[in-house]
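# Tertiary structure, described
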Amino acid sequence: MRAVTLGPAGTYSHRAARAVAEEVAFRESVTAIVEAVADGKFERGVVPIENSIEGSVTESLDALADREVAVTREIVTPIRHALLAQGAEFDVVASHSQALAQCRSFLESEYPDVGQEAVASTARGVERAREDPTVAAIGHPDNATNGVELQVLAEDIQDRSSNATRFLVVAPVAERSEAGGKTTLVVYPNANYPGLLLELLEAFAERDINLSRAESRPSGRRLGDYLFHFDAEAGLYEERTREAIEEIEEIAENGWVRVLGSYDTMHVLY
Ligand SMILES: O=C(O)C(=O)C[C@]1(C(=O)O)C=C[C@@H](O)C=C1
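Just so it is clear, the structure is predicted and the values come from calculations on it, not from any experiment. (Residues numbered from 1 in each chain as written. Predicted model: local features only at pLDDT ≥ 70, side-chain atom pairs only at ≥ 80, totals over all residues. Heavy atoms only, no water.)

## With respect to unusual backbone geometry
Put simply, the rule is: The secondary structure listing takes helices from DSSP runs of H or I that are at least 4 residues long and strands from runs of E that are at least 2 residues long, numbered from the N terminus.
With omega at 5°, the peptide bond leading from glycine 7 into proline 8 counts as cis. Secondary-structure assignment places proline 8 in the loop between strand S1 (2–6) and helix H1 (12–18). The backbone of aspartate 156 sits at a positive phi, close to 55°, despite the residue not being glycine. Looking at the element boundaries, aspartate 156 is found in the loop between strand S10 (151–155) and strand S11 (164–172). Notably, aspartate 208 is not glycine yet its phi reads approximately 60°, a positive angle.

Structure representation (structure tokens):
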């Protein structure tokens, strides 16, 4: 199986992708990953979708709403960040914006005078630190020995010990499955009236379907116009899920509903 994920090698996404594919290729944005899978260039793509401290990875949500792909699995993995550099003195910390945000309190209290640089991924930050002694990186501690040696200046620097990120495994749309305990869908009602969101939620609630995530994202068409992402704890193989989606399709008759498929959860520890 060939998968594509956020690179270069050494990202958390790479660690998650290794759990589902023997061969892993890289892109430097989640949009490019979803696009490559939608275009049939890879059998699987692995994208971060939400983090327990920082919340949604909005670029991933938008990429899934904009392209025809299926979700075949979710991967949940603990995220334990280390501070890596050539030495104890540096001027800038470079990392993915999510990682910088997950370590906000640590950076404010330990390095209040050090600048921050958001780069495409944690591994890209590690490359910056390898090239430049004035740059430190935040990433998985294994990156210290993966190439020119870096010092591990601090470990477990995330603001909460329970830091975890959820990744989705995307596949070409033909692989959409009805099997699995969770289902993801994106709804664009193209309507705006009192109780619209309540109606969408009731379609699930009336069938005793629990939602593990409900999120609105701007449609990009005009201010105040939204699409909604839902993760339901029920599979498409269940009648109640199909009925709920039929009702939602009626509510969104002037817009669209994208059902990304049903899948199960995999926990990756390391
Ligand atoms: O930069 C990486 O290592 C990634 O895989 C991206 C990412 C993210 O987008 O959330 C993944 C896990 C961590 O939460 C930090 C960064």
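We are not done yet, so read on.
## Observations concerning the packing of aromatic side chains
What counts is decided by this rule: For Phe, Tyr and Trp, rings pair up if their centres lie within 6.5 Å, where Trp contributes its six-membered ring, and each pair is then called stacked (planes under 30 degrees apart), edge-to-face (over 60) or tilted (otherwise).
Within the structure shown, the criterion is met by 5 aromatic pairs. Pairing phenylalanine 106 with tyrosine 111 gives two aromatic rings, centres 6.0 Å apart and planes at 55°, and the pair type is tilted. Measuring from ring centre to ring centre gives 5.9 Å for tyrosine 188 and tryptophan 256, while their planes differ by 45°; the resulting arrangement is tilted. With tyrosine 188 in strand S12 (residues 182–188) and tryptophan 256 in strand S15 (residues 256–267), the pair connects residues that are 68 residues apart, well separated along the chain. Joined through ring pairs, the aromatic side chains of Phe90, Phe106 and Tyr111 make up one cluster.

## Observations concerning the site of the ligand
Counted only if it meets this: We call a residue near a molecule or strand when any one of its heavy atoms sits within 4 Å of it. Polar contact is defined as a pair of N or O atoms within 3.5 Å, subject to the rule that within protein one atom must be able to donate a hydrogen and the other to accept it, and that residues adjacent in sequence are counted only when both atoms are side-chain atoms. In these tables, accessible area is a Shrake-Rupley quantity obtained with a 1.4 Å probe, and a residue counts as shielded only by the protein chains included in the view.
Neighbouring residues of the ligand: 13 residues in total, closest Tyr12, Ser13, Gln102, Thr122 and Thr165. One of the backbone N or O atoms of tyrosine 12 is found 2.9 Å from an oxygen atom in the ligand. Contact between the ligand and serine 13: an oxygen atom at 2.5 Å from a side-chain N or O atom of the residue. Its free accessible area being 360 Å², the ligand has 100% of it covered by the protein chains.

## Observations concerning the pairing of strand S2 (residues 23–27)
Selection criterion: When DSSP finds at least two bridges between two strands, those strands are taken to pair. Orienting the strands away from the viewer, one traces the path from the first strand over the helix to the second; a clockwise path indicates a right-handed crossover.
One ladder, built from 5 bridges, connects S1 with S2; its direction is parallel. Each bridged residue has a counterpart across the sheet, and for alanine 3 the counterpart in S2 is valine 24. Traced from S1 through H1 to S2, the parallel crossover comes out right-handed.

## Observations concerning the sheet that holds S10
For clarity, the cut-off: Axes, fitted as lines to C-alpha atoms, cover a helix only where it is in contact. Angles between the N-to-C directions of the axes lie from 0 to 180 degrees. Should any heavy atoms of two residues lie within 4.5 Å, those residues are counted as being in contact.
Strand order across the open sheet formed by 5 strands is S8-S7-S9-S6-S10, with mixed pairing between neighbours. Taken across any chain shown, the strands that pair with only one partner, and hence form the sheet edges, are strand S8 (115–118) and S10. Neighbour to neighbour, the strand axes of the sheet diverge by 30° on average, direction disregarded. Pairing of strand S6 (residues 82–85) with S10 involves 4 bridges; the strand directions are antiparallel. From the neighbouring strand, alanine 85 faces S10, where its bridge partner is glutamine 151. Contacting S6, strand S7 (92–95), S8 and strand S9 (135–139), helix H6 (residues 122–131) crosses the sheet at an angle of about 155° to S9.

## A word on the UniProt feature "domain: Prephenate dehydratase" (unreviewed entry) in the chain
Test applied: UniProt positions are given in the numbering used here, feature names are shortened, and annotations may be inferred rather than shown by experiment.
Annotation from UniProt places "domain: Prephenate dehydratase" (unreviewed entry) at residues 2–172. Between the end C-alpha atoms of residues 2–172 there is a gap of 12 Å, over a span that is 28% helix and 36% strand.

## Some details on the environment of aspartate 225
Take aspartate 225: it is sitting in the loop between strand S13 (211–218) and strand S14 (226–232). A sequence separation of 30 residues divides aspartate 225 from glycine 195, and the C-alpha atoms of the two residues are 15 Å apart. Within the local environment of aspartate 225, its side chain forms a polar contact with the side chain of tyrosine 188, the two groups lying 2.5 Å apart.

## Looking at the UniProt feature "domain: ACT" (unreviewed entry) in the chain
The UniProt record annotates "domain: ACT" (unreviewed entry) at residues 185–262. Secondary structure content for residues 185–262 is 29% helix and 33% strand, while the C-alpha to C-alpha distance between its ends is 9 Å.

## Digging into the domain arrangement of the chain
Note: interface size is frequently given as the accessible area lost on complex formation between the parts. Convention followed: Each domain's extent was defined by an automatic or database domain assignment. Values labelled buried area give the accessible surface lost by two parts on being combined, using a 1.4 Å probe and summing over both.
Taken domain by domain, the chain holds domain 1 (1–78 + 163–173), domain 2 (82–155) and domain 3 (181–264). Contacts between the two partners involve 19 residues from domain 1 and, on the opposite side, 15 residues from domain 3. Across the domain 1 to domain 3 interface the summed buried area is about 1400 Å²; carbon plus sulfur atoms make up 49%. When the buried surface of domain 1 facing domain 3 is broken down by residue, Leu61, Ala65 and Val71 rank first, second and third, together holding 35% of it. Summed over the shared surface of domain 1 and domain 3, the result is 8 residue pairs in polar contact (both at pLDDT 80 or more).

## Points about the packing of helix H2 (residues 30–38) against helix H3 (residues 58–66)
How we decide: If an angle is under 35 degrees, it is roughly parallel; if it is over 145, roughly antiparallel; if it lies from 65 to 115, roughly perpendicular; otherwise it is oblique. Handedness of a crossing is defined here by the sense of rotation of the near helix relative to the far one, left-handed for an anticlockwise turn of less than a right angle and right-handed for a clockwise turn. Classification convention: Asp, Glu, Lys, Arg as charged; Ala, Val, Leu, Ile, Met, Phe, Trp, Tyr, Cys, Pro as nonpolar; all other residues, Gly among them, as polar.
Look at H2 against H3: their axes get within 9 Å of each other, and the N-to-C directions meet at 25°. Judged on the interaxial angle alone, H3 and H2 are roughly parallel. Along this stretch, H2 crosses H3, giving a crossing that reads as right-handed. Between H2 and H3, the contacting residues are Val30, Thr31 and Val34 on the first element and Glu59, Ser60, Ala63 and Leu64 on the second. Considering only residue class, the contact of H2 with H3 consists of 4 nonpolar, 2 polar and 1 charged.

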